[in-house]
Amino acid sequence: MMYKKTQIMSTNEIKNLEEIFEAKIARDEKIEPKDWMPEKYRKTHIRQISQHAHSEIVGMLPEGNWITRAPSLRRKVALLAKVQDEAGHGLYLYSACETLGISREELYEQLHSGKAKYSSIFNYPTLTWADIGAIGWLVDGAAIINQVPLCNTSFGPYARAMVRVCKEESFHQRQGYEIMMTLCNGTQEQKDMAQDALNRWWWPSLMMFGPTDEESTHTAQSMKWKLKRKTNDELRQQFIDQTVPQADILGLKIPDDNLKYNNDTGHYDFGEIDWSEFWQVVKGHGKCNKERLNARKNAWENGKWVREAAMAYADKQHQRKTKQTG
Ligand code: BYC
């Protein structure tokens, strides 16, 4: 709708609207769905928010795999709650995205056809129970670092969704770290399992923040629009600085021989990330890409009757209401 309006406006009118928009961004005011916005701002938000929503929904799969095998009732209840939270995050984000003039069906279609991306991290398998600990600790830990700045992003519905998401993510991170602590205080076999999980999840977690700033297509523009408040490299560094001491407490070794505290910068230096692996996964050739996408497509197909039943029920309710009022 907004797009059509823009097309029939004069150049001067558009220039005025652009100025108002830029001034709002400069004053750190939120852009709301009914405000005028440049088409590129709208599109880039649809891209990022929808990819974020897809990541939440696909992110339920690797952990969902362990719900039936959680080692105790307490662990099962916590994991179940965490996975349900992720469904909720997906729903807030899809709703925020829909305010930009795209339907839920279109968004799903983009995921299923491979047009829209989701986070690379969810294309790795969860082989042992320790992976559930490592995901909570590292993946949710990375997510918090990425998402806290997004609470302050310029698009109102995205920023507001992020506030609630971040609160829930802190619980997720703690449940993961607690699993790791229990394993590390357990038998040698349990500690080995925790180390093995760290070895496999460390590098993919660093990749979650996206390519280096130099290689990043969208960072410069997204920083100008205050969609992104920190760059990929800044967030990655913050994650490493925060996580290394946590690994020390666990008595685990981060699988990077070049990891070393740098007194001059006050940050950890770290080894080379295997970017060819990252791009392979992003392009659909990771260990679980096919499995994840098939699971989502099947869920969509199998849920068709539920959507149809809900629509039929809504229609009936509507007819009943119009009869009563008519
Ligand atoms: N995986 O220009 P760049 C969660 C793509 S859910 C796949 O730097 P941008 C959780 C990127 O899309 C975690 N693709 O992009 C859930 C772009 O390609 P397109 C999800 C990636 O957007 C369940 C190209 O590479 N979090 O926490 O400026 C359980 C160039 O990149 C990745 C979010 O989605 C990747 N890792 O920056 C547990 C947070 N990285 O689109 C936990 C919101 C980059 O041009 N998103 N690409 O085809 C963001 O903050 C930003 O979108 C990113 C990337 C930092 C991820």
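This section reports on the structure supplied with the text.

Definitions and cut-offs
Residues numbered from 1 in each chain as written. Predicted model: local features only at pLDDT ≥ 70, side-chain atom pairs only at ≥ 80, totals over all residues. Heavy atoms only, no water. Phe/Tyr/Trp six-rings, centres within 6.5 Å; stacked < 30°, edge-to-face > 60°. Helix = DSSP H or I, 4+ residues; strand = E, 2+ residues; numbered from the N terminus. Buried < 20%, exposed > 50% of the residue type's maximum accessible area, 1.4 Å probe, protein only. Lys NZ or Arg CZ within 6 Å of the ring centre and 35° of its normal. Near = heavy atom within 4 Å. Polar contact = N/O pair within 3.5 Å; in protein donor to acceptor, adjacent residues only side chain to side chain. Areas by Shrake-Rupley, 256 points an atom, 1.4 Å probe, with all protein chains shown as cover. Nonpolar A, V, L, I, M, F, W, Y, C, P; charged D, E, K, R; others polar. Core = buried A, V, L, I, M, F, W, Y, C linked by side-chain atoms within 4.5 Å. Contact = heavy atoms within 4.5 Å. 1 Å grid on protein atoms, 1.4 Å probe; cavity = no way out; pocket = protein on both sides within 12 Å on 5 of 7 lines; lining within 4 Å. Points joined across faces, edges and corners; volume = space filled by probe spheres on them. Axes fitted to C-alpha atoms, helices over the stretch in contact; angles between N-to-C directions. Left-handed = near helix turned anticlockwise from the far one by under 90°. Salt bridge = Lys/Arg side-chain N within 4 Å of Asp/Glu carboxyl O.

## Observations concerning the packing of aromatic side chains
Thinking step 1. Applying the stated criterion to the full structure yields 13 aromatic pairs.
Thinking step 2. Geometrically, the ring pair formed by Y94 and Y108 is edge-to-face, given 5.1 Å between the ring centres and 65° between the ring planes. Residue Y94 is found in helix α5 (residues 73–98), and its partner Y108 is found in helix α6 (residues 104–113); the two are separated by 14 residues along the sequence. Here the two residues Y94 and Y108 agree in accessibility, since each one is buried.
Thinking step 3. Put simply, the rings of F21, W36, Y41 and W225 touch in pairs and so form one group of aromatic residues.
Thinking step 4. A cation sits over an aromatic face here: R69 above W66, 4.0 Å from the ring centre.
Thinking step 5. It is R307 that lies over the ring of W300; its NZ or CZ is 3.5 Å from the centre.

## Section: the site of the ligand
Thinking step 1. K117, S216, H218, K228 and N232 are the nearest of the 35 residues found near the ligand.
Thinking step 2. Here a nitrogen atom of the ligand and a backbone polar atom of M207 are 3.5 Å apart.
Thinking step 3. One of the backbone N or O atoms of T217 is found 2.9 Å from an oxygen atom in the ligand.
Thinking step 4. Relative to its unbound accessible area of 1,000 Å², the ligand is 91% covered by the protein chains.
Thinking step 5. The element contributing the most residues to the shell around the ligand is helix α3 (residues 39–58), with 6 residues.
Thinking step 6. Of the residues that constitute the shell around the ligand, the class distribution is 13 nonpolar, 15 polar and 7 charged.

## Let's talk about the nonpolar core
Thinking step 1. Residues W137, L138, W201, W202, F239, I240 and L252 are the most contacted members of the largest nonpolar core, which totals 50 residues.
Thinking step 2. If you list the elements that add at least two residues to this core, you get α5, α7 (129–147), α8 (156–184), α9 (188–207), α11 (232–250) and α12 (275–285).
Thinking step 3. Element by element, the count of residues in this core is highest for α7, at 10 residues.
Thinking step 4. Those residues in contact with W202, other than ones at most four positions away along the chain, are L138, F239, I240, T243, I254, P255 and D256.
Thinking step 5. Core analysis: the second largest hydrophobic core is formed by 26 residues, I14, M37, Y158 and L227 among them.

## Digging into empty space enclosed by the protein
Thinking step 1. As enumerated under the stated definition, the model contains 1 cavity of 30 Å³ or more in all.
Thinking step 2. Size it by volume and the largest cavity reaches roughly 30 Å³.
Thinking step 3. If you go around the largest cavity, the residues you meet are K24, I25, D28, E29, K30, N152, T153, S154, K226 and R229.
Thinking step 4. The residue inventory of the lining of the largest cavity, partitioned by class, reads 1 nonpolar, 3 polar and 6 charged.

## Section: the packing of α6 against helix α13 (residues 289–302)
Thinking step 1. Contact geometry of α6 with α13 gives a least axis separation of 10 Å together with a crossing angle of 145°. In the crossing of α6 with α13, the sense of the turn from one axis to the other is left-handed. Residues E105, Y108, L111 and H112 of α6 form the contact with α13, whose participating residues are L293, R296, K297 and W300.
Thinking step 2. Looking at side-chain class alone, the contact of α6 with α13 contains 4 nonpolar, 1 polar and 3 charged residues.

## Re the environment of G284
Thinking step 1. The topology assignment puts G284 in helix α12.
Thinking step 2. C-alpha separation for the pair G284 and K117, spaced 167 residues apart in sequence, amounts to 9.3 Å.

## Topic: the pattern of salt bridges
Thinking step 1. Tallying each qualifying case throughout the model produces 21 salt bridges.
Thinking step 2. Between K15 and E19 there is a salt bridge, and its shortest N-O distance comes to 4.0 Å. Taken together, the positions of K15 and E19, both in helix α2 (residues 11–26) and 4 residues apart, correspond to about one turn of that helix.
Thinking step 3. Since its relative accessible area comes to 48%, K15 is described here as partly exposed.
Thinking step 4. Its relative accessible area of 47% is what places E19 among the partly exposed residues.
Thinking step 5. Across the salt bridge formed by D233 and R236, the nearest N and O atoms sit 2.8 Å from each other. A residue pair is termed a helical-turn pair when its members lie 3 or 4 positions apart in one helix, as D233 and R236 do in helix α11 at 3 residues.

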